[in-house]
Amino acid sequence: MKRILLTLSLLIFSLAILADTTGEAGFQMLKVPTGATTSAQGGVGAFTANDAFGFMSNPTAGMLPKKRVISFSHNYWLIDYQMNSGAYYYSQGKKAFGFGYRYLDYGKLESRDDVGNITGEFHPMDMVLTTNFGYRITPDMYLAANLNALYEKIDAASAVGLAFDIGYTYLTPIKDLTVAAAVKNIGKTGDMDKEDIDLPIAAEISLIKALQLKSVKFANELKIMKYSDNDELQMVLGTNIHITEILKLRLGYKLNYDAEDFSAGIGIKLKKIDVDYAYVPFNSEIDDVHVIGLTYKF
């Protein structure tokens, strides 16, 4: 019970630091789930994923079980936007290390003057480079951190920054129940065209519970989160269903999101290679998102 209270205290402290911001919102790609596994589950599932992207959702997410993997994913994200990601992760159980990148390409956009005349084109982009370190502090408690190097460019203006994430995981005495919390995107960026850039600071808490019905295994997660640039609490429910050793089905549902709710995906295991796909529809004129992932396990 004391450890659960510690987790809840971390969340309360996290929410306390999400004060009102005064600059321009930037680096929104930090909110985008990385990888097909978590995308299919609405942004959850990092604690039960086989890919290398788990630490980007919560710095402690990939520490159990022991593994050494490399993953790549490609998001056909919003109209002509595309996001490419790659990561390497190595967990020894007691210690873990990972690094990865996320690159969001917005395509070519029209540049206009003050009266709306087209003056040319520009190519905006975001990039994040992440390094992760994790440590098991007791047999049932894990602590880890990410360091993120940030770069954003819009037309001729650009900004760089540094941010960090802190994650905590507690393996509760209740069978197959895990509690996790994270504070993410805490840092500082330079000005962009003389405007302050605010990072989307996030506070999250998750409950992860495994269930088994005959030969079918369910890995379920509930995540509650709060962003500094959003007045609403948001919630995600997701499940990773192990149909067989080869086939997995994934479902997710988001609450309090403007244009998203349901998502789905599939995973296929081919010896040391996992192939994953996610489908994320939008409830608006925005194009649906398709994510393809590839993972190799050493």
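Right above here is the structure, for reference.
Residues numbered from 1 in each chain as written. Predicted model: local features only at pLDDT ≥ 70, side-chain atom pairs only at ≥ 80, totals over all residues. Heavy atoms only, no water.

**Concerning the overall build of the protein**
Here's step 1: When you go through the protein residue by residue, the secondary structure sums to three helices and 18 strands.
Here's step 2: When each of the 298 residues of the protein is scored for burial, the buried share is 49%.
Here's step 3: Across the protein, the fraction of contacts at a sequence separation of at least 24, relative to all contacts at a separation of at least 6, is 49%.
Here's step 4: When the accessible area of the protein is evaluated, it comes to approximately 14,900 Å², of which 61% is carbon and sulfur surface. (Helix = DSSP H or I, 4+ residues; strand = E, 2+ residues; numbered from the N terminus. Buried < 20%, exposed > 50% of the residue type's maximum accessible area, 1.4 Å probe, protein only. Contact = heavy atoms within 4.5 Å. Areas by Shrake-Rupley, 256 points an atom, 1.4 Å probe, with all protein chains shown as cover.)

**Description of the pattern of salt bridges**
Any two side chains of opposite charge can pair, on the condition that their charged atoms come close.
Here's step 1: Under the defined criterion, the tally for this structure stands at six salt bridges.
Here's step 2: For Asp 276, the salt bridge goes to Arg 250, with nearest N and O atoms at 2.8 Å. On the criterion of sequence distance, the pair formed by Asp 276 in strand E17 (residues 273-280) and Arg 250 in strand E15 (residues 247-255) is long-range, its members being 26 residues apart. Across the pair, Arg 250 and Asp 276 agree in class, each one buried.
Here's step 3: Through salt bridges that share partners, Lys 184, Glu 204 and Lys 223 make up one connected network. (Salt bridge = Lys/Arg side-chain N within 4 Å of Asp/Glu carboxyl O.)

**Focus on the packing of aromatic side chains**
Here's step 1: On inspection of all chains with the given rule, the structure shows six aromatic pairs.
Here's step 2: Judged by centre distance (5.7 Å) and plane angle (35 degrees), the rings of Tyr 88 and Phe 99 are tilted. Here Tyr 88, found in strand E3 (residues 82-91), pairs with Phe 99, found in strand E4 (residues 95-105); they are eleven residues apart in sequence, far enough to count as distant.
Here's step 3: Classification of Tyr 88 as buried rests on a relative accessible area of 18%.
Here's step 4: When its relative accessible area of 42% is taken as the criterion, Phe 99 is described as partly exposed.
Here's step 5: Plain terms: the ring middles of Tyr 296 and Phe 298 are 5.2 Å apart, the flat faces sit at 85 degrees to each other, and that makes the pair edge-to-face.
Here's step 6: Three or more aromatic residues joined by ring pairs make a cluster, and in this case those are Tyr 88, Phe 97, Phe 99, Phe 133, Tyr 296 and Phe 298.
Here's step 7: In this structure, Arg 68 is placed above the aromatic ring of Phe 298, and the distance from its NZ or CZ to the ring centre is 4.7 Å. (Phe/Tyr/Trp six-rings, centres within 6.5 Å; stacked < 30°, edge-to-face > 60°. Lys NZ or Arg CZ within 6 Å of the ring centre and 35° of its normal.)

**Structural notes on the nonpolar core**
Here's step 1: Within the largest apolar cluster, 15 residues are counted, with the highest numbers of intra-cluster contacts made by Phe 27, Leu 30, Leu 150 and Leu 199.
Here's step 2: For this core, the leading source of residues is strand E9 (residues 157-171), giving three residues.
Here's step 3: Setting aside chain neighbours within four positions, we find Leu 199 in contact with Gly 26, Phe 27, Leu 30, Leu 150, Ala 163, Asn 185, Gly 187, Lys 188, Thr 189 and Ser 228.
Here's step 4: Among the nonpolar cores identified, the runner-up in size contains ten residues, and Phe 53, Met 56, Met 63 and Ala 87 belong to it. (Core = buried A, V, L, I, M, F, W, Y, C linked by side-chain atoms within 4.5 Å.)

**Regarding the environment of Ser 71**
Here's step 1: Relative to the helices and strands, Ser 71 is located in strand E2 (residues 67-76).
Here's step 2: The spacing of Ser 71 and Ala 87 is 16 residues in sequence and 5.4 Å in space, taken between C-alpha atoms.
Here's step 3: If sequence neighbours within four positions are ignored, Ser 71 has contacts with Asp 51, Ala 52, Phe 53, Ser 85, Gly 86, Ala 87, Leu 294 and Thr 295.
Here's step 4: A distance of 2.7 Å separates polar atoms of two side chains, one belonging to Ser 71 and the other to Thr 295. (Polar contact = N/O pair within 3.5 Å; in protein donor to acceptor, adjacent residues only side chain to side chain.)

**Thoughts on the side chain of Ser 57**
Here's step 1: Take Ser 57: it is sitting in helix H3 (residues 54-57).
Here's step 2: Taking the relative accessible area as the measure of exposure, Ser 57 reaches 9% and is therefore buried.
Here's step 3: Once residues within four sequence positions are removed from consideration, Ser 57 is found in contact with Thr 38, Gly 43, Ala 46, Lys 184 and Glu 204.

**Some words on the pairing of E2**
Here's step 1: Bridging between E2 and E3 involves ten bridges; their strand directions are antiparallel. Across the sheet, Asn 75 pairs through a bridge with Met 83, a residue of E3.
Here's step 2: Two strands pair when backbone bridges link them, and E2 and strand E18 (residues 289-297) are joined in this way by eight bridges, in the antiparallel orientation. Counted as the bridge partner of Tyr 76 is His 290 from E18. (Pairing = 2+ DSSP bridges.)

Note that all results are geometric; they support no functional claim without further evidence.
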